[in-house]
Each structure stands twice: as C-alpha cells, then as structure tokens.
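What follows is each chain in one-letter form.
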Amino acid sequence: MSTRRVAALVFLAFAFTYFLSALLRAVTATLAPVFSQELGLGAGDLGLLAGAYFVGFATLQLPLGRALDRFGPKRSLLVLLALAVLGCAAFAMAGSLAGLIAARALIGAGVAACLMAPLTLFRRLFSPAAQLRAHSWLLMTGSLGMLASTLPVQWLLPALGWRGLFWAVAGLLAVGMAVLALAVPRDEVSHSAGAGTRYAVIVRHPLFVAMAPLAFFLYGGMIAVQALWAGPWLTRVSGQTPGQAAEGLFLINLCMLITFAAWGLLMPRLVRAGWSAPRLMRWGIPPALLLLGANVLLGSDAGAWHWAAWCVACTAVSVSQPAVGAAFPAQQAGRALSAFNLVIFGGVFTVQWGVGLMVDALQAAGLGEVDAFRGAMAVLGGCSLASYLWFLLRMRRPATDADNAQ
C-alpha cells in the first residue's frame, strides 16, 4: 500500500472518533429543549450540564500531553476512548441532574485525545503546510459531527429517545476503537521525549502568550455558542420552535463544515504565499468581532444565518492551534498542543456556564429574556475585543514577529 494511502487510512481512522466526539460535544444544543421540559433545567443548569463535558476534557489535557509524548498517540487515545464508552453508558442510565453531570464529565475525559492524538502524530510526520491542511480537515470532520447532532438527532429522538441515542454512540465509539487499533501504526514509545521540558516553559513561549486570550474567549466562545447557546438563542430570543432551531443549528454546522473544507484546500497555497498563522489571524478576526456586535444589536432578529456568519468568521482563530504545535520540537508537540487545548476548552466551559449564569442574573435584575441574552453576548464580545488587542500588542514585539512565526 502506498504511503499516501496509508496516510489517508490513518486520517480516516482518527476522523471517525473525532466525528463522534464533536457530536457528543454539541448534542446538548439540540437536546436542550428536551432536558428543559423533562428535567426542568434553567439556563444555568443547561450551561453547567453542557460545560461538564469540558471540565472532564480540560482535566485530562496536561497529563494527556505527557502521555502523548511518552507513550504515543495511538495508545493514549485507545485508553481514553474506553472511558468515553463508559461515560455514554452512564449518561444513558442517569436518573438525576448530578448523575448526568458526572457522566458528561466522564465523556469529556474520554474524548480528550480525539484531536490531540492525531495532531501530535501529524506534527511528527507532516510538513507545516500539510499539518495546517490536516488540522482544517479534522475540524471539518468535527463540523460534520456537530451537523449530525442537529437535525439527524432530532429525527432519531422519537425512535430512540435521548437515552437510546447515547447507547448508540457508545457502540459506535467501540467500533472506532477497533478501527484505530487496526489502522494506526504502532506507537514508538520514548521514555525521554522532551525530558526536562515543563509546562511552565511552554506557556511562557511568546506565541503561546500572544494567542492564549483569543483561544480562550473567541475560539472557546465560538465553540460554546455552536455547541450550546445557538440553540437557546434561536428558541428563546428569536422565538423559533425546537424543530426550527434544529434546522438553524444544521445550517450553522453545515457552513462550518464547508468553511473548514475550504481552509484545508487553501492552506498550503496561503503558506506558500507567505500567509503565516499570526498574519491570517490579524486580518481574519476583525470581521468576527464586528459580526458578534451586529448580532447583539439585532437581538431577536439575529437568526441562524447571522450566527453562522459569525462562526465562519471565527474560524480564522483556528490556525492558532497547529501554529503553537509547530513552534516546539516534535518530541514536545503533545504537551504544547494539549496545553493550548486546555486554554481553548477552559474558555468553552467558562463561556458555556458563564453565559447561562449571566442570563439568569440579568433576568433576576429585571431585564427581559431577549435583553438578558444580548447582555451576556455583549460581555463575550468585549472580552474577545480585548483579547484581539492583546494579540496585536504582543505580536508587535521583535521576538514574536508575525512574519516569521509559524
């Protein structure tokens, strides 16, 4: 079998499990009306339930980075996916909010390596341009998973119920583990990979420092909206039915899928033309900031197309992740990528829960539901703008010249 075909098979094996992890991450947006009706969950409860995934996910990132560098991507991913299978089964059997939260945290821990494992392997095998392309196409696969979490889930609910849905995903994860075991080459174990390199060294790197706030607020905020708050906005602010909201979420995720596919096709050409990741972010992020401000001003008139446009604009910040990985030696890539991923998903959890808390607090202070949602999103916009200004300031320093950074 040719090297290209082997690489394609390995990519597809990783892509299948990443597809499932993205579906699990985003499915709460579609199921939010069901949970609100059956379990009486408020906005804060929904934010906490959705965010529990990211607590489990974030908790594993630092030990995962060490495991990826020492034991290899394949072994690390297979061990954690076993936890994801157990988490899905526990979620399907849970009878209380506390049980659902604990199971969802276990799911998050179990899928913690679904992106980091392939990115670590790609860092070792591929050129910088090929890494950016593979990263974009993995994110495209994730968008496909989020797409599947919308209308397809809505169609399956009458037949399976939300508990049956999680049993089905548990089975698919087990199939994914078998595919990975067969398709991905055996890991080369290194007991001294990156020896002496601590996370403190990684997080002090100038590129990491410059990009981390944007990763937290803008990248994390985009995932938080896509995975949860777009759904409640469409139903509770725009006045749509759950079915209409599911159609809107389908549209948002379809736009994201197309966008990441396009990034994957264009990225090698952009790199050859001199467009580094910081340069792409410098010019690509302002439209996202403007579109978020427009959505806040529009309020109930901001529908799925408006949020799709904002999410698409936010994809400019996605190039920060492989850029950070490429800034370190290959034997340290697992730790660098996992540390940066911790920042991103720390932001996802904070925004998911924080938006819910702010909506509840603003309503308690006397604002209507529409204005409460607008106020929460305005805070996210202010934090994103401050992060962008920080990025511009840090990238002006000679040590992090944007034209020379990866």
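Residues numbered from 1 in each chain as written. Predicted model: local features only at pLDDT ≥ 70, side-chain atom pairs only at ≥ 80, totals over all residues. Heavy atoms only, no water.

**What about helix H2 (residues 43-71)?**
Along its 29 residues, H2 runs 41 Å from first to last C-alpha, staying within 8% of the 42 Å computed at 1.5 Å per residue. Of all the bends in H2, the greatest, near 45°, is centred on Leu62, and the proline Pro63 appears no more than four residues after it. Just beyond H2, the residue with positive phi is Gly72, at close to 105°. (Helix = DSSP H or I, 4+ residues; strand = E, 2+ residues; numbered from the N terminus. Expected span 1.5 Å × (residues − 1). Bend = angle between axes of the 7 residues up to and from the residue.)

**Structural notes on the environment of Val184**
Position of Val184 among the secondary structure elements: in the loop between helix H7 (151-183) and helix H8 (199-203). A sequence separation of 173 residues divides Val184 from Phe11, and the C-alpha atoms of the two residues are 8.7 Å apart. Once you skip the residues sitting within four places of it in the chain, Val184 turns out to touch Val10, Ala13, Phe14 and Lys74. (Contact = heavy atoms within 4.5 Å.)

**Focus on the packing of aromatic side chains**
What describes a pair of aromatic rings is the distance from one ring centre to the other and the angle between the planes of the rings. As enumerated under the stated definition, the model contains 16 aromatic pairs in all. Here Phe208 and Phe340 contribute two aromatic rings whose centre-to-centre distance is 5.5 Å and whose plane-to-plane angle is 80°, an arrangement assigned as edge-to-face. Residue Phe208 is located in helix H9 (residues 206-237), and its partner Phe340 is located in helix H14 (residues 333-364); the two are separated by 132 residues in the primary sequence. Take Phe340: its relative accessible area is 0%, and that puts it in the buried class. With a centroid separation of 5.1 Å and an interplanar angle of 75°, the aromatic rings of Trp233 and Trp307 are classed as edge-to-face. One end of the pair, Trp233, is in helix H9; the other, Trp307, is in helix H12 (residues 304-314), and 74 residues separate them in sequence. Overall, Trp233 belongs to the buried group, its relative accessible area being 0%. For Trp307, a relative accessible area of 1% gives the class buried. (Phe/Tyr/Trp six-rings, centres within 6.5 Å; stacked < 30°, edge-to-face > 60°. Buried < 20%, exposed > 50% of the residue type's maximum accessible area, 1.4 Å probe, protein only.)

**Some remarks on the environment of Asp187**
The residue Asp187 is located in the loop between H7 and H8 in this model. Each C-alpha atom of the pair Asp187 and Arg70 lies 9.6 Å from the other, and the pair is 117 residues apart in sequence. Each residue touching Asp187, except ones within four places of it in the same chain, is listed here: Phe71, Gly72, Pro73, Lys74 and Arg75.

**Here we look at H9**
With 32 residues, H9 should reach 46 Å at 1.5 Å per residue; the first-to-last C-alpha distance of 40 Å falls well below that figure. Trp229 marks the point of greatest bend in H9, at about 60°, and the proline Pro232 comes within the next four residues.

**Here's the deal with the side chain of Thr120**
Position of Thr120 relative to the elements: it lies in helix H5 (residues 116-125). Relative accessible area serves as the criterion here: at 0%, Thr120 is assigned to the buried category. Thr120 has contacts with Leu68, Pro73, Gly334 and Leu337, leaving out every residue within four places of it along the chain.

**Focus: the packing of H9 against helix H15 (residues 369-395)**
Helix-helix packing is described using two parameters, namely the angle between the two axes and the distance between the axes. Taken N-terminus to C-terminus, the directions of H9 and H15 make an angle of 160°; their axes are 9 Å apart at the nearest point. When the axes of H9 and H15 are compared, the pair comes out roughly antiparallel. In this structure, H9 crosses over H15, and the sense of that crossing is left-handed. The class makeup of the residues in the contact of H9 with H15 is 22 nonpolar, three polar and four charged. (Axes fitted to C-alpha atoms, helices over the stretch in contact; angles between N-to-C directions. Parallel < 35°, antiparallel > 145°, perpendicular 65-115°, else oblique. Left-handed = near helix turned anticlockwise from the far one by under 90°. Nonpolar A, V, L, I, M, F, W, Y, C, P; charged D, E, K, R; others polar.)

**Considering the packing of H5 against H14**
Packing of H5 against H14 leaves a shortest axis separation of 9 Å and a crossing angle of 140°. Taken together, the axes of H5 and H14 lie oblique to each other. As H5 packs across H14, the resulting crossing turns out to be right-handed. Of H14, the residues touching H5 (which contributes Met116, Leu119, Thr120 and Arg123) are Ala333, Gly334, Leu337, Ser338 and Asn341. For the contact of H5 with H14, a count of residues per class yields four nonpolar, four polar and one charged.

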